[in-house]
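# Summary of the model geometry
Chain by chain, the residues run as shown.
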Amino acid sequence: MTGMTKTCTSLRVPWLHRRIFGDYLNKFMREGKLFRRLLRELEEHERWSPAEVIEWQQEHLRDLLIEASENVPYYRELFREKRINVRVMNPLEVLRALPYLDKETVRRNPEAFRNPSIPRLFLRTAYTSGTTGTPLRCYRDLFAINFEHAMIWRQWRWSGFDLGKRRATLRGELIVSTAKKNPPFWIYSPAENRLIMSSYHMAPDTLPLYVQVLTDFAPAAIEAYPSAVYLMAIGFRTSGKTPPPMKGIFTSSETLTHSQREVVESVFNCPIYDLYGNTERTAAIGQCEHGTYHVFDDYAIVEFLPRGDGTHEIVGTPLFNRAFILLRYRSGDTAELEPRTTCDCKRPFSVVKEVLGRQEGYVYTPDGRAIGRLDHIFKGVSHVVESQIVQEDWDDVRILIVGDRGYGSADEKLILMHARERLGPEMKIRIERVDSIPRGPRGKFVAVVSKVSHDEWQKLFANKERGNTPWISSH
Ligand SMILES: [Zn+2]
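Rules used in this analysis
- Residues numbered from 1 in each chain as written.
- Predicted model: local features only at pLDDT ≥ 70, side-chain atom pairs only at ≥ 80, totals over all residues.
- Heavy atoms only, no water.
- Phe/Tyr/Trp six-rings, centres within 6.5 Å; stacked < 30°, edge-to-face > 60°.
- Helix = DSSP H or I, 4+ residues; strand = E, 2+ residues; numbered from the N terminus.
- Buried < 20%, exposed > 50% of the residue type's maximum accessible area, 1.4 Å probe, protein only.
- Lys NZ or Arg CZ within 6 Å of the ring centre and 35° of its normal.
- 1 Å grid on protein atoms, 1.4 Å probe; cavity = no way out; pocket = protein on both sides within 12 Å on 5 of 7 lines; lining within 4 Å.
- Points joined across faces, edges and corners; volume = space filled by probe spheres on them.
- Nonpolar A, V, L, I, M, F, W, Y, C, P; charged D, E, K, R; others polar.
- Patch = residues over 30% accessible without salt bridge, like charges linked within 9 Å, V, L, I, M, F, W, Y side chains within 5 Å.
- Areas by Shrake-Rupley, 256 points an atom, 1.4 Å probe, with all protein chains shown as cover.
- Salt bridge = Lys/Arg side-chain N within 4 Å of Asp/Glu carboxyl O.

As a further point, take the packing of aromatic side chains. Tallying each qualifying case throughout the model produces 24 aromatic pairs. Pairing Phe147 with Phe320 gives two aromatic rings, centres 4.7 Å apart and planes at 10°, and the pair type is stacked. Of this pair, Phe147 sits in helix H8 (residues 142-157) while Phe320 sits in the loop between strand E12 (312-318) and strand E13 (329-337), and the two are 173 residues apart along the sequence. When sorted by exposure, Phe147 lands in the same class as Phe320, which is buried. In this structure an aromatic cluster arises from ring pairing among Trp153, Trp156, Phe161, Phe250 and Tyr273. We note Arg154 situated over the ring of Phe296; from NZ or CZ to the ring centre the distance is 5.3 Å.

Here is the structure:
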């Protein structure tokens, strides 16, 4: 305990931060009795046969279909129309008889998928802009939150990491204002024994501080966006320091590129356990200790829809969220399948080669920060059909919006406010209404386009003095 106090004092961590209460509340809600029971159960599933997993899926799917047919407006209607009696038919046959559900249908009317038999008071709301930049409202109940949490911890424990051990987080949590130029850009959460580091303040001149603080904290694991832990790895490589020994690096929420993996695993000398998931919670695909991507078949029934180019779209039917029922939901994300069906870890879960999914770029700020995963700026905005962030120059960003009929100044204000919080006061930010978003190579949607190249940004590391960097002196 004394070691911890010493570490945190040296980090100048604001102990009496207002979020500490929230952290304890979160822990109470997500890591109580229910969570531990679910974690135990999920770990039992690892020893099952594939046939036992399918049997479990069928049972849970039946319950879900009954719930949907009785309570959820969209499915009450659909089952009536298609004359499907979920109580007598085989649940997997029912599922196969249903049309695929696209994001747009849910985005237009999320209430039609919410289960009104669960009081709203017990629901949490989440927003996503997903792959196409389309904000979508989702609901989850306490059980679903705990289930999700248990699923994540099951995978983390594959690395040898465990509950209560120190971990550092480098995800999109806004913990200090982006206008803030001086450290700390991190806070310690005693409830979770977790050092939360801002992924919005990573710049050539702040990275040495990140490196020092992470070294002092010596976490047993890092959970991070791939883009953020990659920057951390660059920081260590540049400083020449050796990172603390760790059990694993847990990445999610962005597609991990091959080059990011290579740099991160070699610098930290520890494996990445990547996890694909989405805010809609319709599929989870994560790596085991052998590096294999497993479809978590006890989380959702996952189907792969051929896209015609050898890749497959991930379609999921989650089995654990009674509050918001989505059946055969098209995620818009893609995966590459694998001919083999088993892994040396002997777990009964199916195998895919790779998740291709979302690949997002960075926006670079005038003060040298590189910011990934900017879809947060559309959080809570309900009338955006599609969006794209285009960085024209170091200090100039355009946000292209395809709005629906309800789109108005309130949405625009919210987007601007969120963008300002993340990109800082020096950035020029313009919002532009457009009819459509131009597609990138091979017709792929690109959420962030930066005309400032990553190479240019990396050159900053070669310049020890900030004043030497040409782009800073020109602005
Ligand atoms: Zn495996």
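Okay, back to it.
Right, let's get into empty space enclosed by the protein. To find leftover empty space, a probe the size of one water molecule is rolled over the atoms. Following the criterion strictly, the structure yields four cavities of 30 Å³ or more and no others. In this model, the second largest cavity occupies a volume close to 50 Å³. Around the second largest cavity, the lining residues are Ser199, Tyr200, Tyr225, Ser227, Ala228, Leu231, Tyr362, Ala370, Ile371 and Gly372. Of all the secondary-structure elements, those providing two or more residues to the lining of the second largest cavity are helix H10 (226-239) and strand E16 (370-371). Sorting elements by how many residues they give to the lining of the second largest cavity places H10 first, with three residues. Here the residues of the lining of the second largest cavity are counted per class, giving seven nonpolar, three polar and no charged.

Tracing the chain through its elements places Glu426 in the loop between helix H12 (409-423) and strand E19 (428-433). On a C-alpha basis, the gap between Glu426 and Asp367 in space is 8.2 Å, while along the polypeptide they are 59 residues apart.

A surface patch of nonpolar side chains, amounting to about 400 Å² of accessible area, comprises Phe21, Leu25 and Phe28. By the secondary structure assignment, Phe21 is in helix H2 (residues 19-30). Classification of Phe21 by relative accessible area gives exposed; the value is 63%.

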